[in-house]
Amino acid sequence: MPTANGFLTKLTQKESFFPLSVGFCPNCFMVQLLETVPPQKMFHDDYQYLSSTSQRMIKHFEGHATEIIERISGKKNPFVVELGCNDGVMLLHLAKRGIAHLGVEPSANVAKLAKAKGVKTKVVFFNAESAREIVREQGQADIICGANVFCHIEDLNSVFEGIRILLKDDGILFMEDPYMLDIINKTSFDQIYDEHVYYFSGLSVSELGKRHGLQLVEMAPQRVHGGSMRYYLKKYLPGNKMAENVVQLLEKEKASSLNTPEGYRFFKHNVDSICSNLKNTLKKFKSQGHRIVGYGATAKSTTLLNYAKIGGDLIEYICDTTPNKVNKFTPGTHIPIKPYDVFAKDSVSYALLLAWNHEDEILQKEEAYRKRGGKFILYFPEVAIE
Ligand code: SAH
Ligand code: TMP
C-alpha cells in the first residue's frame, strides 16, 4: 500500500509503498499494524487532514468542548491539554472562554491554523519527554484529551508514560478513536491504513491503561467516523468507580469474541465480498455508459481503491473541498482530484461516496445533485445506491 495521505503533485513523483498487515494480540487484546511508517513521514509541515472541513465534526467538537467545560467547572485554574489538536477545532472553544489550554500538534501547518484561532499550540510529538517539558513550563493538567490521535501513535507506551507524568492525580484522560466493534460489524476495513496503527476496543484500552496505572472508568459511544468510542481513564484512586455501561460494553465485546482470534476471522471474507460487489457495480454502470466520480479524497479511500484495484478506468476524478488535496493525484491509483466546484457543475450519474463517514452531511448538502437524478454509491456495510 502507498501511504494513505501521500497524494501526488505530479505523476512522475516517486511513491513509497509499505506492507499493510494487521495483527491481534491474545494477551492484551490489541489489534494493530504489524509494520509502520515513521511518524515524521506522516506528520510534518504539509499534513493533509484538516478537522474543520466537516460541519459535522465542527459540531461534534463543540459538543466535546462543552463536556470538558462541564467537567472542569468548580476547579481552580483548570488546565486542559489536547493531543493532536489539528486546526484547533475543539480547543478554540476553550480559548474563547479564557480557559488555560495547550494543543500538542507535531504537524506545523495545521498547528499554524490553530494558532491563528487563538489556540495555544506546541509543535512537538507528544511523548514522555515532551510531557515533562509541558509540566516544567505549565504544570500538570486537569484534563488530557485526544481524538483520533492515540490510534496514530506507534509508541503508545511513551504516550501513556507521558500521560502519567502530565495528568494530575484527580485528572481525567479522554481518549476518542474509531471503535473496533463498529469496524468489525460494518466491515469498515478502509479505517485500516498507515496512520491508524491501533484499532481499539474497551478490552484493549482497559489493558493498556492498567499497564500504566490508569483505570478505564467510563465509555461513551460516538456516531462520528462510522462509529467511535470515547474512553475515560483515571489514575487508580480508592474512590474510583467503573460505570455500569463499561461492564456491559466489555461483556458485549467478549460476546463478539474480540478477546480471541475468532472474532476477526470472518473479517477478510467480508472485506473481499464488499470489494468484488463494489467493483462489479462500478463496471456495470460504466458499461452502461454512465460516468462515475468519487466524492471525498479521504485517507481511507487509499485503502479501498488500492485493495480493490479501482483506478482511473472506473473513477474519472474525485472531488474534494480540501485546498491542499485538489489538483493532486490519489496515492497508488493516480485518480485526479478536482475542486468541489467541478463536481457541482458536472452532470455525472454516479458518485462513489468515499467520505462515507460524512454521509448524512453530504447527502443533505447534495440535494440538488440527487434531485436531478444523480446517485451516490455507498459500500458499507454493503454496496447500495442512494
Ligand atoms: N483531533 C483531530 C485531528 C485528528 S488527525 C480530529 O479528531 O479531527 C491526528 C492528528 O494527530 C494530526 O493532526 C497529527 O499531526 C497529530 N499527531 C500525530 N502524532 C502525534 C503525537 N505523537 N502527539 C500529538 N499529536 C500527534
Ligand atoms: P475524513 O473522512 O478523513 O474526515 O476526510 C474527509 C475528506 O472528504 C476530506 O478530504 C474533505 C472531504 N470532504 C469533501 O470533499 N466534502 C464534504 O462535504 C466533506 C464533509 C468532506
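Data block above holds the structure.
Owing to the predicted nature of the structure, the values given are computational and were not obtained by experimental measurement. (Residues numbered from 1 in each chain as written. Chains lettered and ligands numbered in written order. Predicted model: local features only at pLDDT ≥ 70, side-chain atom pairs only at ≥ 80, totals over all residues. Heavy atoms only, no water.)

J.: I'd like a rundown of the site of ligand 1, residues and numbers included.
T.: Near ligand 1 there are 18 residues, and of these Ser 51, Glu 105, Ser 107, Ala 147 and Asn 148 occur at the shortest range. In the environment of ligand 1, an oxygen atom lies 3.1 Å from a nitrogen or oxygen atom belonging to the side chain of Asn 86. Residue Ser 107 places a side-chain N or O atom 2.7 Å away from an oxygen atom belonging to ligand 1. Coverage of ligand 1 by the protein chains reaches 98% of its 580 Å² of free accessible surface. (Near = heavy atom within 4 Å. Polar contact = N/O pair within 3.5 Å; in protein donor to acceptor, adjacent residues only side chain to side chain. Areas by Shrake-Rupley, 256 points an atom, 1.4 Å probe, with all protein chains shown as cover.)

J.: Explain the packing of aromatic side chains residue by residue, including any values.
T.: Given two aromatic rings, one states the distance between the centres and the angle between the planes to describe the pair. In total, this model carries 16 aromatic pairs according to the counting rule given. For the ring pair Phe 24 and Tyr 264, a centre distance of 4.9 Å and an interplane angle of 35° mean the geometry is tilted. Separated by 240 residues along the polypeptide, Phe 24 in strand β1 (residues 22-24) and Tyr 264 in the loop between α9 (244-255) and α10 (265-287) bring together distant segments of the chain. Centre to centre, the rings of Phe 189 and Phe 380 are 5.9 Å apart; their planes meet at 85°, and the pair counts as edge-to-face. With Phe 189 in the loop between α7 (180-186) and β8 (198-199) and Phe 380 in the loop between β15 (375-378) and β16 (384-385), this pair connects stretches of sequence that are 191 residues apart. Neither Phe 189 nor Phe 380 differs from the other in exposure class; each is buried. The rings of Phe 189, Tyr 307, Trp 356, Tyr 379 and Phe 380 are connected pair by pair, giving a single aromatic cluster. (Phe/Tyr/Trp six-rings, centres within 6.5 Å; stacked < 30°, edge-to-face > 60°. Helix = DSSP H or I, 4+ residues; strand = E, 2+ residues; numbered from the N terminus. Buried < 20%, exposed > 50% of the residue type's maximum accessible area, 1.4 Å probe, protein only.)

J.: Residues and numbers for unusual backbone geometry, please.
T.: For the peptide bond that leads from Phe 380 to Pro 381, omega is -5°, which places it in the cis range. With respect to the helices and strands, the residue Pro 381 is situated in the loop between β15 and β16. Phi is positive for Asn 327, close to 65°, though the residue is something other than glycine. Its location among the elements puts Asn 327 in the loop between β12 (318-320) and β13 (337-339).

J.: Report on the pairing of strand β4 (residues 100-104), specifying residues and quantitative values.
T.: The element β4 is extensively covered by neighbouring structure, given that four of its five residues are classed as buried. As paired strands, strand β3 (residues 79-83) and β4 are joined by five bridges and run parallel to one another. Considered in β4, the bridge of Phe 79 is made with Ala 100. Each parallel crossover has a hand, and the one from β3 via helix α3 (residues 91-96) to β4 is right-handed. Two strands pair when backbone bridges link them, and β4 and strand β5 (residues 121-122) are joined in this way by two bridges, in the parallel orientation. Considered in β5, the bridge of Gly 103 is made with Thr 121. Chirality of the crossover, the property in question, places the unit of β4, helix α4 (residues 108-116) and β5 among those that are right-handed. (Pairing = 2+ DSSP bridges. Right-handed = clockwise from strand over helix to strand, strands pointing away.)

J.: Which residues make up the site of ligand 2, and what values do they have?
T.: Around ligand 2, the structure places 17 residues, and the nearest of them are Lys 300, Asp 320, Lys 325, His 358 and Lys 365. One of the backbone nitrogen or oxygen atoms of Thr 321 is found 3.0 Å away from an oxygen atom of ligand 2. Lys 325 places a side-chain nitrogen or oxygen 2.7 Å from an oxygen atom of ligand 2. Notes on ligand 2: free accessible area 480 Å², of which the protein chains cover 97%. No other element matches the three residues that helix α13 (residues 359-365) contributes to the shell around ligand 2.

J.: Give me the pattern of salt bridges: which residues, what numbers.
T.: Applying the stated criterion across every chain, the model contains 21 salt bridges. Residue Lys 75 is joined to Asp 170 by a salt bridge in which the shortest nitrogen-to-oxygen separation is 3.1 Å. One end of the pair, Lys 75, is in the loop between α2 (55-72) and β3; the other, Asp 170, is in strand β7 (residues 167-178), with 95 residues separating them in the sequence. Using a relative accessible area of 30% as the deciding quantity, one classes Lys 75 as partly exposed. A relative accessible area of 46% means that Asp 170 is categorised as partly exposed. (Salt bridge = Lys/Arg side-chain N within 4 Å of Asp/Glu carboxyl O.)

J.: Got a sec to walk through the sheet that holds β1? Specific residues and values, please.
T.: With respect to topology, three strands assemble into an open sheet ordered β1-β2-β8, the strand pairing being antiparallel. Of all strands in the sheet, those bounded by a partner on one side alone are β1 and β8.

J.: With reference to specific residues and values, describe the pairing of strand β10 (residues 228-235).
T.: Among the eight residues of β10, seven are classified as buried, and the element is accordingly described as predominantly covered. Two elements, β7 and β10, share six bridges in a ladder whose sense is antiparallel. The partner of Asp 177 across the bridge, within β10, is Met 229. As paired strands, strand β9 (residues 214-222) and β10 are joined by eight bridges and run antiparallel to one another. Within β10, the residue paired with Gln 215 across the bridge is Lys 234.

J.: Quick rundown of the nonpolar core? Include the residues and the values.
T.: Counting 77 residues, the largest nonpolar core has Phe 150, Phe 160, Ile 163, Phe 200 and Tyr 231 as the members making the most contacts within it. Element by element, the count of residues in this core is highest for α10, at seven residues. Setting aside anything within four residues of it in sequence, one finds Phe 160 in contact with Phe 150, Leu 173, Met 175, Leu 208, Gly 209, His 212 and Leu 214. In terms of nonpolar packing, the next biggest core, distinct from the first, is built from 23 residues, Leu 94, Ala 114, Val 217 and Tyr 232 among them. (Core = buried A, V, L, I, M, F, W, Y, C linked by side-chain atoms within 4.5 Å. Contact = heavy atoms within 4.5 Å.)

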